[in-house]
Amino acid sequence: MLDNDKLKAKLRKQLRTARRGLSAADHASRSKLAASFVARLAAFKAGSRIAVYLPFDRETDPSALLLAARRRRVRVYVPVVESLRHRRLRFCLLTAKTRRGAFGISIPHAAVYRNAVGPRWFDLIAVPLVGVDRLGRRLGMGGGFYDRALAWRRRRRHWFGPRLVGLAFDCQRVESVYAQDHDVRLDALATESGIEFYRSDR
């Protein structure tokens, strides 16, 4: 019988293959639809502060969300790997110019860590994922960066900080992601089919 890590690795490979299998036109149109559902949320308004990833490895493209944010004067931050060794993320203000950062992921050209914002101070965080199960448990790329950045949510009893919304395609939904206690739970998931909110039992 395969152990949990091997099961997750196998599932991760299958889902990344499915995501990469979408045609360029399908990928673009489905990404735009998923992003449009996030833009309708109450937290997405003028003056809000949100975190949005810059896509990698054929992740759902949040470009439409970034465009809507500029129109509504929403402040946008993106994750930047501060330490590979410690699996630590910082969230820096998105600028017009970007460069390649860790793993080849785009980051602001002049990411200023001293002006970074901690994840608990956002109104909304759009979270990338490889897979998600019916309870909103997320399967990431395996580095644990988001799990570490958001670990404090598990220690809260009443207030859990920003709304965590996964961006994905329907082909990334699965029955189980073989979740562990430290894995991030989403508050909602947006795909090309709409947005689904998960019941919290924390």
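A brief structural summary. (Residues numbered from 1 in each chain as written. Predicted model: local features only at pLDDT ≥ 70, side-chain atom pairs only at ≥ 80, totals over all residues. Heavy atoms only, no water.)

**Some details on the pattern of salt bridges**
Tallying each qualifying case throughout the model produces 13 salt bridges. Among the ionic pairs, E192 bridges to R30, the shortest N-O distance being 3.4 Å. With E192 in the loop between β10 (188–191) and β11 (194–197) and R30 in helix α2 (residues 24–39), this pair connects stretches of sequence that are 162 residues apart. By relative accessible area, R30 is classed as partly exposed at 25%. Measuring nitrogen to oxygen at the nearest pair gives 3.0 Å for the salt bridge that ties E175 to R134. Remark: R134 occurs in the loop between β7 (131–132) and β8 (138–139) and E175 occurs in the loop between β9 (163–167) and β10; sequence separation between them is 41 residues. Note on E175: relative accessible area 57%, which makes it exposed. A relative accessible area of 54% means that R134 is categorised as exposed. Salt bridges sharing partners connect three or more residues here, namely R16, R19, R20 and D57. (Salt bridge = Lys/Arg side-chain N within 4 Å of Asp/Glu carboxyl O. Helix = DSSP H or I, 4+ residues; strand = E, 2+ residues; numbered from the N terminus. Buried < 20%, exposed > 50% of the residue type's maximum accessible area, 1.4 Å probe, protein only.)

**As for the nonpolar core**
Within the largest apolar cluster, 45 residues are counted, with the highest numbers of intra-cluster contacts made by V38, F44, L65, I125, Y146 and L186. Considering each element in turn, this core owes the most residues, five residues, to α2. Beyond its immediate stretch of four places on either side in the chain, V38 contacts F44, L65, L124, V165, L167 and A190. Within the second largest apolar cluster, six residues are counted, among which are L15, V130, L139 and V174. (Core = buried A, V, L, I, M, F, W, Y, C linked by side-chain atoms within 4.5 Å. Contact = heavy atoms within 4.5 Å.)

Note that all results are geometric; they support no functional claim without further evidence.
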